[in-house]
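# Inside the fold
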Amino acid sequence: MSILDIKIEGERYMHANDEIISLADFRKKLKRFQECYDEIYFRGEVEEFPNREPSILRDEGYLENEGCMYQEMMQMYGEQMKNAYRYIGKLALLQHNNVPTRLLDITVDPFVALYFACEQNGIANDKDGYVFMYIRNGKSCNSPDVYILSLHACFPELSYKEIAEKVWQELKVSYTEEKIQQVIHTPLFVKRSKDLSVGNSRIQAQKGCFFICADDEKGGLITLDSIPPVMIYRIPASYKATIRDELDKEEKINVCSIYPEMPSGGAYLRAKYRTVRYEVSEEDYTVYDISQKTHCRRDTDLRIIVKEDLPIKWVKQIVRHVCEGYKNTSDVIWMYVGVSTEDMLSYNWRIMGRWINPSWENTGIDPLKERDGEFSWENQSGTSIISEYNEKNVYKPDDELYAYYHQVFEDSMPYIREIISLYDSEEKEKLYTWISRNKEQIREFFNKTTNGGCSRIREWNEFIKHYSLLYVEMENICLENENKNWNPQAKWHLMGRRIQSIQKEKAVIEKGEVKWRKTLDVTDEELKKCKPCYETHQVRSFAQTIPMSEDAIEVKMEIKYEKNTEGKIVVSGKTNLFDGAQLLISITPDGKFYGPSCKVNCLNGTFTSVPLGNGTNLSGKCRLSITMPVSSVQPIEFVKKAGMQYENLKGDFIVRDGISPSGKYEQEVVL
């Protein structure tokens, strides 16, 4: 099971959903979370591990002898452990002294987690790292729940009754046996505390805290995999070295600060002053494409595929090396670097570069963001996320693609023939009526080709675009037909231009399908077997990763609408939404796809629209809708109260089945 396909109770809940390529990039992406939440936990992992589980689960004998290991360590090192804070402090000392425990290290410092994701410790420097972010309410280390769970870890043989008695003796807190059982089966986050750093300098250095795994019903443990992260950030291997340098220079986070024991100093100095030279090797890259053109200047485009794990500074050396062969014949060299053929097809660049000839007199081309002598660079965030999505959802087997697009084309042919026939016979009103009656089916062809997928064969992929061009023109016919602003002569002229384009694309497809069916060797049997790509197309949907608040308010709205003296519509309302909420109010006449709209802000429980419409276009049956956009575009003061996943709001108004929670209210009105 991949880190990107984590499962909870058999259900997949999240993929890596963002990418970090620099410290500044990470700061920017954290900012809104840090403005809204005081309690955020992080965990960094240097490569893709299958699970977030503690060391005690790495061997069957560890968990079976959990209590024995604690008690034997106390016998051997009791003096060193006597000052540790309660049982949780003793477990923390064991955890950081190579004893398997049910604790999992986490931190409240995102940059510490980023360091662990980029750590160079002899392994995984050529693999992507990951930072997991959790927004949860933790328990303090003096909490009775923490005491109970850590006591149970040290003395698993104690009964619920014995634990309850010990809690009363030590804490003077009364717990029933049922409550003890519940606590032992509920994992929790332990807040950062100075008490935990007694005799444990690493915790202090790493701003560390813990996740305590709880007992499951089958004799195992409930691990951190049971808690969905709010975000999973991927750090591409090629950027790890750069980020380590930035962490050292800007945050003073390095192997010495993370591991304060003296041997770490030697490791730090060896890495800092080691000379690492890279000689460009043809095995590390491929020049995928070169194009040169001359107009007012001499341009050269270079598209280069490099190994995915090459440090970005080495990638730049490769690009400079390739450019040397084109400097004498170029005024500007444009460089696009990806890590796969698919990146080339989808313009998914790991880094872009630009070389501008210093002797070129025209200065009309600007360098990119990062200046470096004659070269300039721009790193691209999100490239591996895009690559992963394309691999799973976009690129399809070529025989399946052929079968899919061929079937869509065959299904659409009766509609295409009818459109052409009605146009050729100049039956204008009949054509317009037919388009209105069949617009939903025509749009379905358009929608299918937008989700059909792509090929890794460039020429075949270029041909597939003709299907999209065909159905774009059919969609345009529907739009032209609904446009009331054209006079009859202009409308018929535009229809003619659209239909000519349809005929042109139809001819290209009919001729090209013969060639590509032969090239791809698609048999009649394969045509029947291949299922349409859109049937298996995965749509990412929202999953609630920040727990709903017990105090969430049920959103209420009272809506009024009235015509003013100019015949325009004014919508107003009362609501219990927090101040600052931005809403979109729109009124759509029956049978239309859109209507006049405006944005409003809630203040003191009320909102009022500007006058909508022109005085005549809103009458009869209409749809009045009030929508609340996702939190990422809302004012920060509102989000602080509502939550980034609207976890402090509930009720029918809140919609949670899209890509992110939003709000929606609709009603039919007669104006």
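Everything in this summary refers to the structure shown in the same document. All values reported here derive from a predicted model rather than from experimental measurement. (Residues numbered from 1 in each chain as written. Predicted model: local features only at pLDDT ≥ 70, side-chain atom pairs only at ≥ 80, totals over all residues. Heavy atoms only, no water.)

### Here we look at the packing of helix 16 (residues 398–424) against helix 17 (residues 428–450)
Remark: helix 16 packs on helix 17, axes separated minimally by 11 Å, with the N-to-C direction vectors making an angle of 165°. Classified by the interaxial angle, the pair formed by helix 16 and helix 17 is roughly antiparallel. As for how helix 16 packs across helix 17, the hand of that crossing is left-handed. For the pair helix 16 and helix 17, contact is made by Tyr404, Tyr405, Val408, Asp411, Ser412, Tyr415, Glu418, Ile419, Leu422 and Tyr423 and by Lys430, Leu431, Trp434, Asn438, Gln441, Ile442, Phe445, Lys448 and Thr449, respectively. A per-class count over the contact of helix 16 with helix 17 returns 11 nonpolar, 4 polar and 4 charged. (Axes fitted to C-alpha atoms, helices over the stretch in contact; angles between N-to-C directions. Helix = DSSP H or I, 4+ residues; strand = E, 2+ residues; numbered from the N terminus. Parallel < 35°, antiparallel > 145°, perpendicular 65-115°, else oblique. Left-handed = near helix turned anticlockwise from the far one by under 90°. Contact = heavy atoms within 4.5 Å. Nonpolar A, V, L, I, M, F, W, Y, C, P; charged D, E, K, R; others polar.)

### Section: a negative patch on the surface
Together, Glu157, Glu162, Glu165, Glu177 and Glu178 make up a negatively charged patch on the protein surface. Secondary-structure elements contributing two or more residues to the negative patch are helix 7 (160–171) and helix 8 (177–184). Relative to the helices and strands, Glu162 resides in helix 7. In this structure Glu162 comes out as partly exposed when scored by relative accessible area, which is 39%. (Patch = residues over 30% accessible without salt bridge, like charges linked within 9 Å, V, L, I, M, F, W, Y side chains within 5 Å. Areas by Shrake-Rupley, 256 points an atom, 1.4 Å probe, with all protein chains shown as cover. Salt bridge = Lys/Arg side-chain N within 4 Å of Asp/Glu carboxyl O. Lys, Arg positive; Asp, Glu negative; His and termini not counted. Charge placed at Lys NZ, Arg CZ, Asp CG, Glu CD. Buried < 20%, exposed > 50% of the residue type's maximum accessible area, 1.4 Å probe, protein only.)

### Some points on the pattern of salt bridges
The final tally for this structure, using the stated rule, is 37 salt bridges. Across the pair Lys31 and Glu35 runs a salt bridge whose closest N-O atoms are separated by 2.7 Å. Note that Lys31 and Glu35 are positioned in helix 1 (residues 23–36) at a spacing of 4 residues, about one turn of the helix. Ionic pairing is found between Glu342 and Arg456, a salt bridge with its closest N-O pair at 2.3 Å. With Glu342 in helix 14 (residues 341–346) and Arg456 in the loop between helix 17 and helix 18 (458–482), this pair connects stretches of sequence that are 114 residues apart. Among the residues examined, Glu342 registers a relative accessible area of 18% and is labelled buried. According to the relative accessible area criterion, Arg456 is partly exposed, its value standing at 33%. Among the charged side chains, a salt-bridge network with shared partners connects Arg43, Glu45, Arg52 and Asp225.

### Describing the packing of aromatic side chains
Taken as a whole, this structure holds 29 aromatic pairs when the rule is applied. For the pair Phe375 and Trp377, a centre-to-centre distance of 5.8 Å together with 5° between the ring planes defines the contact as stacked. Classification of Phe375 by relative accessible area gives buried; the value is 7%. The structure contains a cluster of three or more aromatic residues connected by ring pairs, namely Tyr402, Tyr404, Tyr405, Phe409, Trp460, Phe463, Tyr467 and Trp516. When the ring centre of Tyr336 is taken as origin, the NZ or CZ atom of Arg303, which lies over that ring, is 5.5 Å away. Looking at Lys491, its charged tip hangs above the ring of Tyr432, at a distance of 4.0 Å from the centre. (Phe/Tyr/Trp six-rings, centres within 6.5 Å; stacked < 30°, edge-to-face > 60°. Lys NZ or Arg CZ within 6 Å of the ring centre and 35° of its normal.)

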